[in-house]
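# Descriptive analysis of the structure
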Amino acid sequence: MIEFTSFRQKPETLSVKHPEDVDMMDLDEDEDFLEIGSSKITYPGEYLTSSQAFMRGHGTYVDNEEVIASVAGTVERVNKLVTVRAVRTRYNPEVGDLVVGRITEVQPRRWKVDANSRQDAALMLASVNLPGGVQRRKLESDELQMRTFFEEGDLLVAEVQAFFPDGTMSLHTRSLSYGKLRNGQLVTVPPILVRRLKSHFISLPCGVDLILGLNGYVWVSKHVKESEREGEEGFDAEAVYSNQNDQIDDSTRTAISRVTNIITVLASHSVPLSDTVLLEAYEWSIEQETDVKNLLQDEIGEALVTSITARG
Amino acid sequence: MSSRIEILNAGGYRSDGRRQYELRTISIDLSPQGSGADGSATLSHGLTQVSVCVFGPREAKMRSQTYHDRANVNVEVGIAAFSSSERRKRGRGDKRILELSQTIKATFEPVIQTSLYPRSQIDIYIQVLQQDGGLLQACINATTLALINAGIPLYDFVCAVTGGVHSTSPLLDLTLLEENDLPNVTVGVMPRTGKGRLVK
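Residues numbered from 1 in each chain as written. Chains lettered and ligands numbered in written order. Predicted model: local features only at pLDDT ≥ 70, side-chain atom pairs only at ≥ 80, totals over all residues. Heavy atoms only, no water.

Under the annotation held in an unreviewed UniProt entry, chain B carries the name Exosome non-catalytic core component and is attributed to Marasmiellus scandens.

Going by the annotation in an unreviewed UniProt entry, the name recorded for chain A is Exosome complex component rrp4, with Marasmiellus scandens given as the source organism. Per UniProt, the comment on chain A under Subcellular location (unreviewed entry) is "Nucleus". Taken verbatim from the UniProt record of chain A, the Sequence similarities (unreviewed entry) comment is "Belongs to the RRP4 family." (UniProt positions renumbered as here; feature names shortened; annotations may be inferred.)

In structure tokens:
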């Protein structure tokens, strides 16, 4: 039974700090979360600090010269900026992020892309490569055949190029490693589990390629041979916008499914994804000789996660 | 006001053994409900149980429903046919359900920091699983929790409870039996400022 107690009042003992006090790092115990490296969980409506001594960041608002949290999460402080990072939230795009998305709409000179963000992203016709890598201005004829490049429902990998004044993000695929996705399977995980890595294109030795989109969309696909990569002689520039899957043999299909299930299990246990974690998990599942479909069972999933966290 | 059941007996106990100001057992489940919602919460006040899923902020389904300076909050309530003692199917256009969802929308629109998400939409889907009085309070409390779970910025919590008066003695958190017999009011407050958000 939850007892009914009166709401906690704002502590009266909390004195308003003057900036010079803070510079001396003389923080009393109620505000020890403001020290670097400490973590404090907060909730919407909780008083954090005075707005005279600190600046409000994301996840906070100012009312009556007080900085107040607006989301539930951990309080972070950088110099005089106080922010709250929410426990769970949608993807917050930043310029240069690699995202995996799905086309939702074809509009004049642009595509709308669902990228798990607060609004659909825009992919301008001007920011895609033409098949064959021809460099020229996009003509009216290109505008008329936009559906031959991307159609509704197509998956693609792109980079965040810029933001429009209203906050929608604009994507670009002007690199041969970006573009339409095929030969694989999509998994979605909470975006917070994908950290910024040196490279978001990962090749696992089991013949599986991975694209970890920062928006929480992960693409698991058949390995592309080194000689058929972009810029190499085996690279087929005309096939960039192809809708046809290659021939995928049974062992690759099994490997793709295994990696997909491993990602699902790790995500459900809130394990951040990285190439080493995935590789260890894959090796563990091979060692244990578990069937791909059994990976999703609770007890096997838990055993997998404990063995990974014990090693890491 | 004539009822066979005694609302408050001589010893000061109510029909389910509670005292005047005692609330029913509250249980909260914030685990994800497998539908890919951004936030969800299942809350029960005694035998009243509601489950709320929050999606968004996301791209609006209908462009006519967007605002250029803030997010649109969309509330949909569904009442399960098996939720009350007599089986009754209510359609989505039912007046009572529309009123309930309008009340919840009016309660939360000023509390959510909608100006941070222009042209987006926040969908709140409420499913009533069991009804035993205090439906609105359960819906509001569960929606607050689901919104926090989804990481949507709020100015404050909204906490709601139903109150009623039996002759001269006030009662809190009415059951269906009490709700049918007593004049009652649901009050929603924001605990930080102590401001009322709703009186119904």
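Having seen it, we continue.
## Remarks on the sheet that holds strand β3 (residues 55-56) of chain A
Residue and element names in this part refer to chain A. Across the sheet, four strands lie side by side as β1-β6-β7-β3; this open sheet has mixed pairing. Here the strands that pair on one side only, and so sit at the sheet edges, are β1 (41-42) and β3. Where β1 meets strand β6 (residues 73-78), two bridges bridge the pair, whose relative direction is antiparallel. In the sheet register, Thr42 faces β6, and the bridge partner there is Gly73. (Pairing = 2+ DSSP bridges. Helix = DSSP H or I, 4+ residues; strand = E, 2+ residues; numbered from the N terminus.)

## Here's the deal with the packing of helix α5 (residues 275-287) of chain A against helix α6 (residues 298-311) of chain A
Residues and elements named next belong to chain A. It is at 10 Å that the axes of α5 and α6 come closest, and there the two elements cross at 130°. Relative to α6, the element α5 is oriented oblique. Seen along the crossing, α5 lies across α6 with a hand that is right-handed. Contact residues: Val277, Glu280, Ala281 and Trp284 in α5; Ile300, Ala303, Leu304, Ser307, Ile308 and Arg311 in α6. Split by residue class, the contact of α5 with α6 holds seven nonpolar, one polar and two charged. (Axes fitted to C-alpha atoms, helices over the stretch in contact; angles between N-to-C directions. Parallel < 35°, antiparallel > 145°, perpendicular 65-115°, else oblique. Left-handed = near helix turned anticlockwise from the far one by under 90°. Contact = heavy atoms within 4.5 Å. Nonpolar A, V, L, I, M, F, W, Y, C, P; charged D, E, K, R; others polar.)

## Side note on unusual backbone geometry
Even without being a glycine, Asn116 of chain A presents a positive backbone phi close to 60°. By the secondary structure assignment, Asn116 of chain A is in the loop between β9 (110-114) and β10 (121-124). On the basis of relative accessibility, which here comes to 15%, the residue Asn116 of chain A falls in the buried class. In this structure, Asp173 of chain B is a non-glycine residue whose phi angle is positive, near 55°. With respect to the helices, strands and loops of the structure, Asp173 of chain B is situated in the loop between β7 (169-172) and α3 (176-181). (Buried < 20%, exposed > 50% of the residue type's maximum accessible area, 1.4 Å probe, protein only.)

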